[in-house]
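Examining the three-dimensional arrangement
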Amino acid sequence: MIQDSGKVNPKDLDSKYAYIQVTHVIPFFDEKELQERKTEFERSHNIRRFMFEMPFTQTGKRQGGVEEQCKRRTILTAIHCFPYVKKRIPVMYQHHTDLNPIEVAIDEMSKKVAELRQLCSSAEVDMIKLQLKLQGSVSVQVNAGPLAYARAFLDDTNTKRYPDNKVKLLKEVFRQFVEACGQALAVNERLIKEDQLEYQEEMKANYREMTKELSEIMHEQICPLEEKTSVLPNSLHIFNAISGTPTSTLVHGMTSSSSVV
């Protein structure tokens, strides 16, 4: 019997049945591996470690507002590398890391930065993906998009609730995010056709409005990339810093019954 463990209360499970947890996993690489695995092929073959995440809140709900949303990251290490002669390989180790709400914000914003940079640096830019990421990134809606994180964790009335180092880290991620959005807008403007010029101008206007609000929240001048020249730094160390996982030994504990499918 197969159940989605995220939607089932363990107390409701019938002891007469054996339950299987089916979870989508993605390859997991530490900083050194990412530097070595440059191509899509290298990041899809000879892989032993995989990751999945589950959202939760301290009140027991799965989903909540950004100020209460936590998540658990699980890293699994399989006995053999995929692809393999068998489709199912036993898991040797698993390591769990719980991220609190501000760490979730740092993690999610770091991912957005990495995704925008990857799209911009591709030899053949996927315009559909780029524009979808841009549209979601420069959103100025009240309760959605990156600004929701800034309002929840960087506003003066909220920053005192969180450790100073986490607040500084989130601010740095937002600086990088502004630069990554600016770079993506520049790439999009270079490649679009005439019928999308109005759409481009709308996104640029939203981008400027976003940076203006960020400047007010962070009490510093956050300049749109189009107004300055800068080099985009690597933000992987930020991802590792909040994940709580070492770059060498990432897994602890033994499991004998789990498998990566």
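Calculation notes
- Residues numbered from 1 in each chain as written.
- Predicted model: local features only at pLDDT ≥ 70, side-chain atom pairs only at ≥ 80, totals over all residues.
- Heavy atoms only, no water.
- UniProt positions renumbered as here; feature names shortened; annotations may be inferred.
- Helix = DSSP H or I, 4+ residues; strand = E, 2+ residues; numbered from the N terminus.
- Buried < 20%, exposed > 50% of the residue type's maximum accessible area, 1.4 Å probe, protein only.
- Contact = heavy atoms within 4.5 Å.
- Areas by Shrake-Rupley, 256 points an atom, 1.4 Å probe, with all protein chains shown as cover.
- Arc of directions from axis to C-beta.
- Polar contact = N/O pair within 3.5 Å; in protein donor to acceptor, adjacent residues only side chain to side chain.
- Axes fitted to C-alpha atoms, helices over the stretch in contact; angles between N-to-C directions.
- Parallel < 35°, antiparallel > 145°, perpendicular 65-115°, else oblique.
- Left-handed = near helix turned anticlockwise from the far one by under 90°.
- Nonpolar A, V, L, I, M, F, W, Y, C, P; charged D, E, K, R; others polar.

The name an unreviewed UniProt entry assigns to the protein is Dedicator of cytokinesis protein 9-like isoform X1, from the organism Balaenoptera musculus. Reading the Sequence similarities (unreviewed entry) entry of the UniProt record for the protein gives the comment "Belongs to the DOCK family."

1. Details of the overall build of the protein
Summing up its helical and strand segments, the protein has 8 helices and 8 strands in all. Per-residue burial for the protein yields a buried fraction of 39% across its 261 residues. The long-range fraction of contacts in the protein, counting pairs at least 24 apart against all pairs at least 6 apart in sequence, stands at 65%. Surface exposure of the protein reaches about 15400 Å², of which carbon and sulfur atoms provide 52%.

2. Regarding helix H3 (residues 127-137)
Of all the positions in H3, only Leu130, Gln131, Leu134 and Ser137 are classed as buried. Down the axis of H3, the buried set is contained in an arc of 130 degrees. They therefore lie on one face. Away from the buried face of H3 by more than 90 degrees, exposed residues Ile128 and Leu132 are located. A side-chain oxygen of the first residue of H3 lies 3.2 Å from the backbone nitrogen of isoleucine 128; this N-cap is aspartate 126.

3. Some points on the packing of helix H2 (residues 101-121) against helix H6 (residues 164-191)
Packing of H2 against H6 brings their axes to within 9 Å, and their N-to-C directions diverge by 25 degrees. By the angle between their directions, the pair H2 and H6 is classed as roughly parallel. Of the two elements, H2 crosses H6, and the hand of that crossing is left-handed. Class assignment of the residues belonging to the contact of H2 with H6 gives a composition of 17 nonpolar, 3 polar and 4 charged.

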